[in-house]
Amino acid sequence: MEYINRAVEPEIVKRLHSGKINVVLGPRQSGKTTMVRHLVDECHLDALWLNADMLDVRELLTNMSPEKWRQLIAGHNAVVVDEAQRVEDIGLALKILIDSFGEMPIIVTGSSAFNLRSRLDEPLTGRKFEWTLLPPSFAELARRNLLSERRLVESRLVHGSYPGVLADAEDRDRLVCSLASSYLYKDVLALDGIAKASVLDKLVRALSFQIGQEVSYQELAGLVGVDRKTVERYVDILKKCFVVFELPAFARNQRNEIRKSRKVYFYDLGIRNAVIGNLLPLSSRPPEEIGHLWENYLIAERLKLNVNRPAPARMFFWRTRTQQEVDYIEEGPSGMRAWEMKWNPKSAENGKLPKAFIEAYPEAQAGFVTPANLQDFLLNC
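Report on the accompanying structure. (Residues numbered from 1 in each chain as written. Predicted model: local features only at pLDDT ≥ 70, side-chain atom pairs only at ≥ 80, totals over all residues. Heavy atoms only, no water.)

1. So, the nonpolar core
Reasoning step 1: Counting 92 residues, the largest nonpolar core has W69 and Y297 as its most contacted members.
Reasoning step 2: The dominant element in this core, judged by the number of residues it contributes, is helix 16 (residues 287-306), at eight residues.
Reasoning step 3: Setting aside its immediate chain neighbours within four residues, W69 contacts L50, L61, M64, V79, A93, I96, L97 and F101.
Reasoning step 4: In this structure, I12, V40, V80 and L133 belong to the second largest nonpolar core, which totals 15 residues. (Core = buried A, V, L, I, M, F, W, Y, C linked by side-chain atoms within 4.5 Å. Buried < 20%, exposed > 50% of the residue type's maximum accessible area, 1.4 Å probe, protein only. Helix = DSSP H or I, 4+ residues; strand = E, 2+ residues; numbered from the N terminus. Contact = heavy atoms within 4.5 Å.)

2. So, the packing of helix 12 (residues 197-208) against helix 14 (residues 228-240)
Reasoning step 1: Direction vectors running N to C along helix 12 and helix 14 enclose 75°, while the axes themselves pass 11 Å from each other. Comparing the axis directions of helix 12 and helix 14 gives the class roughly perpendicular. Across the interface between the two elements, V199, L200, L203, V204 and L207 of helix 12 pack against V231, Y234, V235 and L238 of helix 14.
Reasoning step 2: Along the lines of polarity and charge, the residues of the contact of helix 12 with helix 14 split into nine nonpolar, no polar and no charged. (Axes fitted to C-alpha atoms, helices over the stretch in contact; angles between N-to-C directions. Parallel < 35°, antiparallel > 145°, perpendicular 65-115°, else oblique. Nonpolar A, V, L, I, M, F, W, Y, C, P; charged D, E, K, R; others polar.)

3. Concerning the sheet that holds strand 5 (residues 128-132)
Reasoning step 1: As summarised here, the arrangement of the five strands in space is 2-3-4-1-5, forming an open sheet in which the pairing is parallel. The sheet terminates laterally at strand 2 (47-51) and strand 5, the two strands that pair on one side only. Taking each pair of neighbouring strands and ignoring which way they run, the sheet shows an average axis angle of 15°.
Reasoning step 2: Here strand 2 runs beside strand 3 (residues 78-82); their pairing, made up of five bridges, is parallel. Across the sheet, residue N51 finds its bridge partner in strand 3, namely D82.
Reasoning step 3: Where helix 2 (residues 32-42) meets the sheet, it contacts strand 1 (21-25), strand 2, strand 3 and strand 4 (106-110), and its direction lies at approximately 170° from that of strand 2. (Pairing = 2+ DSSP bridges.)

4. Here we look at the packing of aromatic side chains
Reasoning step 1: Enumeration according to the criterion identifies 13 aromatic pairs in this entry.
Reasoning step 2: Ring geometry for Y328 against W339: centres 5.7 Å apart, planes inclined by 25°, an arrangement best described as stacked. Of this pair, Y328 sits in strand 9 (residues 325-332) while W339 sits in strand 10 (residues 335-341), and the two are eleven residues apart along the sequence.
Reasoning step 3: Here the aromatic cluster, defined as three or more aromatic residues joined through ring pairs, consists of F250, F316, W318, F357 and Y361.
Reasoning step 4: Taking the ring centre of F129 as reference, the NZ or CZ of R15 above it sits at 5.3 Å.
Reasoning step 5: Over the aromatic face of Y217 sits the side chain of R262, whose NZ or CZ is 4.1 Å from the ring centroid. (Phe/Tyr/Trp six-rings, centres within 6.5 Å; stacked < 30°, edge-to-face > 60°. Lys NZ or Arg CZ within 6 Å of the ring centre and 35° of its normal.)

5. Here we look at the environment of Y361
Reasoning step 1: When you line up the elements, Y361 lands in the loop between helix 17 (355-360) and strand 11 (365-369).
Reasoning step 2: What makes Y361 buried here is its relative accessible area of 2%.
Reasoning step 3: As a C-alpha pair, Y361 and M336 span 25 residues in sequence and 8.6 Å in three-dimensional space.

Quick look at the structure:
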């Protein structure tokens, strides 16, 4: 498959010789290693490549010293540590490296923000830039062929956009199911705090059926059969492993607005659909489910546009106690903007946002996103 240029590449290249470590976080199989190899080649670096999935590499990176690093990097002008969260004392090892050889480009990747951040934050305070690499976005894929990517939107709502799935359309059902299984039950279960695979499975399935809806941790606890604190801990781990993300409710001072509420979406809909065992085309799904998939897809894609910006927009939904709702709101450098997501373009014709929202926030720019105008929403922040 042709290489997919990632939007964050120029930012990393610009900082290779900054005297700081570039840390790339993101789910497994999202293209981190491929992107870093591409950058190393494009920048003509002779990098020492350390894959921490390998036991001997993890042992090698234990009890590091300046002299040990000097011996390791002899003949190289850059260092890459792949899947660094697997190394227990990686933060200290990298601190020694950057303090001793700060002029050298150093790139670190990790598929668990839960483990890697906890090991890097204190030792590398002021010594790192952090980037997030998610499965390829509409914007990144559209650079190759906008018309083709528009035509493939239905496929993205079913199979997602992990690189391996994009590369093999004929075998995508098997690939996305394998990815969901290995990622959720190999990587996530390996983390501290996850005690039972059956609880994780029930929780992820429950979240899969609630995309686009407000989520109650108390109700989830009842469905899954555990206490609320366990649900909160598991959801937090799923967030830090890039399986799901939360959208909080937007509220200022309107008495009727819902404040303490959230929706949970999946970073990739292929994972969501594989978890519940439903990879049927949209034509075989009820309209309500299609609407929820469309909403999840658009909001996840918008997150991809925002995630690596210096000042990313804050993301919300809005709802009143009388069930008036706006699907998606951003507050950022461009001010306040609000959108409703409609899969059927006809339902957006002459549409207006709820009167209560318009009256409360007349300054907000408002619009509708349908398959007919999705590129305006997904290519421009």
